[in-house]
2 protein chains.
Amino acid sequence: MKTLKIPEATIIRLSVYSRHLTDVDRKGIITTSSGEIADGVGVSPAQVRKDLAYFGEFGTRGVGYNVKDLRQHIMRILGLGVDWSVTLVGVGNLGLALSTYKGFRDRGFVITSIFDADPKKIGTKIENIEVLPIEQLETVVKQNSTQIGIVAVPASVAQETVDKLIKAGVSAILNFAPVVLNVPPEIELRNVDLAVNLEVLTFNVCGQRCY
Amino acid sequence: MKTLKIPEATIIRLSVYSRHLTDVDRKGIITTSSGEIADGVGVSPAQVRKDLAYFGEFGTRGVGYNVKDLRQHIMRILGLGVDWSVTLVGVGNLGLALSTYKGFRDRGFVITSIFDADPKKIGTKIENIEVLPIEQLETVVKQNSTQIGIVAVPASVAQETVDKLIKAGVSAILNFAPVVLNVPPEIELRNVDLAVNLEVLTFNVCGQRCY
């Protein structure tokens, strides 16, 4: 089914729908509709139906969707049916913030190892995980069969960090360093630029005044 | 022109195009094409043309786009023709990371005030800005005509923080607290959920295996 090119915006909305369905499920609600989901997350009902249609038939016409089933189905689509082992490289301010970010664990992303190059940080513990020297990255990441690496190091050492992660066997990298990284085509790389979020806001604030 | 509903994905891509054009301009390149932009950022040339078409006619058929002009035009569309005064509330790990994040300043987002409730943090300086007590938020934000508030406080105090920001006159809020916030319709609110980025990765890693 993945031969159809699925827009990234659809994936992001699926992630939002699944969070909404988690809340709805917690309230004990059994069935829902594309209209209710749309209201809950702020998109149109047609958008909800279109996003779900990429992945087959859900729900029953006139009855709607079973909340638990739809949530579970979306979670599986997103690859969240299992826990993922995540390694974090770099415990500056951002790395520290990420290491204690509750939102990861809630969605099945379990940080299993943390690395830094600073001798003052090595040996300290963050949420019961010992910060290890970068030299141990390859061995430990292989041992844990870790698939995801989060890069929160300075831009100047981001490429060598990514190279080490790939050598250690990770298949996906989330990069917070403000630098363009080279990875082989089989590696999934996502760059997070926090300023983009502000730009969506300023675009909306500006309205017609700005252009 | 803004009467046309512009997809958020388009705004995010415009932000990406403008960064790419900044790099291209720095290399001294004068003209470019939708094909070159597409290659540079990893989308299709048709997507680039479609995104730009929302905002009128750019470039010359057969010649392409003037790099500087197109960059400036996109920056203006995004509301980045001017500097924005930004206030940051909360200097835990995430707030500290945001306060020193170079990517904001580069795009015209200038943090002009920082607030926290912790007496140990009040009076300390971050990048030459003194951390002020939350009680001074309204006065200082009004004084600076600050339009954007970044919320990096614990979820339990996020709503009261947002209420204070709105009372002080901000028109846009970027929220990192993992909680649903209520704001009046005239306020632009954007919630950042860092786990969504990991979910786009796991979706791509999974391929057909996951669903």
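Look a little higher up for the structure.
Counting of residues starts from 1 at the beginning of each chain's written sequence and follows it residue by residue. Chains and ligands are labelled sequentially in the order written, the chains with letters from A and the ligands with numbers from 1. Local features are withheld for residues below a pLDDT of 70 in this predicted model, meaning they are given only at 70 or higher, and side-chain atom pairs are given and counted only at 80 or more; totals for whole chains, interfaces and linings count all residues. Remark: hydrogens and water are excluded; side-chain values derive from all non-hydrogen atoms of the structure.

Chemist: It is not clear to me how the sheet that holds strand β5 (residues 125-126) of chain B should be interpreted in this structure. Could you clarify?
Modeler: Backbone hydrogen bonds are what pair the strands of a sheet, in a parallel or an antiparallel way. Note on pairing: two strands pair once DSSP finds at least 2 bridges between them. Secondary structure counts use DSSP, requiring at least four H or I residues in a row for a helix and at least two E residues in a row for a strand, with both numbered from the N terminus. If you walk across this open sheet you meet the seven strands as β5-β6-β4-β3-β7-β8-β9 (chain B), and the pairing is mixed. Among the strands making up the open sheet, the edge pair consists of β5 and β9 (188-191) of chain B. Where strand β3 (residues 84-89) of chain B lies against strand β4 (residues 109-116) of chain B, six bridges are found, and the strand directions are parallel. The residue of β4 of chain B that forms the bridge with L88 of chain B is I114 of chain B. Throughout, a contact is declared for two residues whenever any of their heavy atoms are within 4.5 Å. A fitted line through C-alpha atoms serves as each axis, taken over the contacting stretch for helices, and the angle formed by two N-to-C directions is quoted from 0 to 180°. Where helix α9 (residues 194-206) of chain A meets the sheet, it contacts β3, β4, β7 (148-151), β8 (172-175) and β9 of chain B, and its direction lies at approximately 160° from that of β9 of chain B. Helix α8 (residues 158-167) of chain B contacts β3, β7 and β8 of chain B of the sheet and is inclined by roughly 170° relative to β7 of chain B.

Chemist: What exactly am I supposed to notice about the interface of chain B and chain A here?
Modeler: Where the parts come together, the accessible area they lose is often given as the size of the interface. Across the boundary between the two partners, chain B contributes 56 residues, which contact 56 residues of chain A. When two parts are put together, the accessible area they lose, computed with a 1.4 Å probe and summed over both, is reported as buried area. Summing the contributions of chain B and of chain A, the shared interface buries around 5,400 Å²; its carbon and sulfur component is 71%. Salt bridge, as applied in this entry: a Lys or Arg side-chain nitrogen positioned within 4 Å of an Asp or Glu carboxyl oxygen. Across the chain B-chain A interface, the total number found is six salt bridges. With a shortest N-O distance of 2.6 Å, R19 of chain A and E199 of chain B are connected by a salt bridge.

Chemist: Whenever I open this one, the packing of helix α2 (residues 34-41) of chain B against helix α3 (residues 45-53) of chain B confuses me. Can you help?
Modeler: Angle between the axes and distance between the axes: these two values describe a pair of packed helices. Residues and elements named next belong to chain B. At their nearest, the axes of α2 and α3 sit 8 Å apart, and the two run at 110° to each other. On the basis of the axis angle, α2 is roughly perpendicular to α3. Two secondary-structure elements touch here, α2 through S34, G35, I37 and A38 and α3 through P45, V48 and R49. Residues were grouped as follows: Ala, Val, Leu, Ile, Met, Phe, Trp, Tyr, Cys and Pro as nonpolar; Asp, Glu, Lys and Arg as charged; and all remaining residues, including Gly, as polar. Classifying every residue of the contact of α2 with α3 gives four nonpolar, two polar and one charged. An angle below 35 degrees is treated as roughly parallel, one above 145 as roughly antiparallel, one from 65 to 115 as roughly perpendicular, and anything else as oblique.

Chemist: Would you take a moment to explain the packing of aromatic side chains for this structure?
Modeler: Two descriptors summarise a pair of aromatic rings, namely the distance from one centre to the other and the angle between the planes of the rings. Put simply, two rings from Phe, Tyr or Trp (the six-membered ring, in Trp's case) pair if the centres are within 6.5 Å, and we call them stacked under 30 degrees between planes, edge-to-face over 60, tilted for the rest. Evaluated as defined, the whole model comprises six aromatic pairs over all chains. Measuring from ring centre to ring centre gives 6.2 Å for F203 of chain A and F55 of chain B, while their planes differ by 90°; the resulting arrangement is edge-to-face. Here the residue F203 of chain A occupies a position in helix α9, and F55 of chain B occupies one in the loop between α3 and β2 (65-66), the pair thus bridging two chains. Assessed through its relative accessible area of 2%, F203 of chain A is described here as buried. Relative accessibility under 20% of the residue-type maximum defines a buried residue, over 50% an exposed one, and the middle range a partly exposed one, all with a 1.4 Å probe and only protein chains included. Here F55 of chain B falls in the buried class, since its relative accessible area comes to 5%.

Chemist: Teacher, can you tell me more about the pairing of strand β4 (residues 109-116) of chain A here?
Modeler: Two faces, one strand: in a regular strand the side chains alternate between the faces of the sheet. Residue and element names in this part refer to chain A. Extensive coverage of β4 is indicated by the burial of seven of its eight residues. The pairing of β4 with strand β6 (residues 129-133) spans three bridges and is classified as parallel. Residue pairing for β6: F115 is matched across the bridge by L132.

Chemist: What exactly am I supposed to notice about the side chain of S15 of chain A here?
Modeler: Checked against the element boundaries, S15 of chain A lands in helix α1 (residues 8-26). A relative accessible area of 1% places S15 of chain A in the buried class. Polar contacts here mean pairs of N or O atoms no more than 3.5 Å apart (in protein, one a potential hydrogen donor and the other a potential acceptor; neighbouring residues in sequence count only if both atoms are side-chain atoms). Here E199 of chain B takes part through its side chain, which lies 2.6 Å from a polar atom of the side chain of S15 of chain A. Leave out the neighbours within four places in its chain, and S15 of chain A touches L78 and R107 of chain A together with V196 and E199 of chain B.

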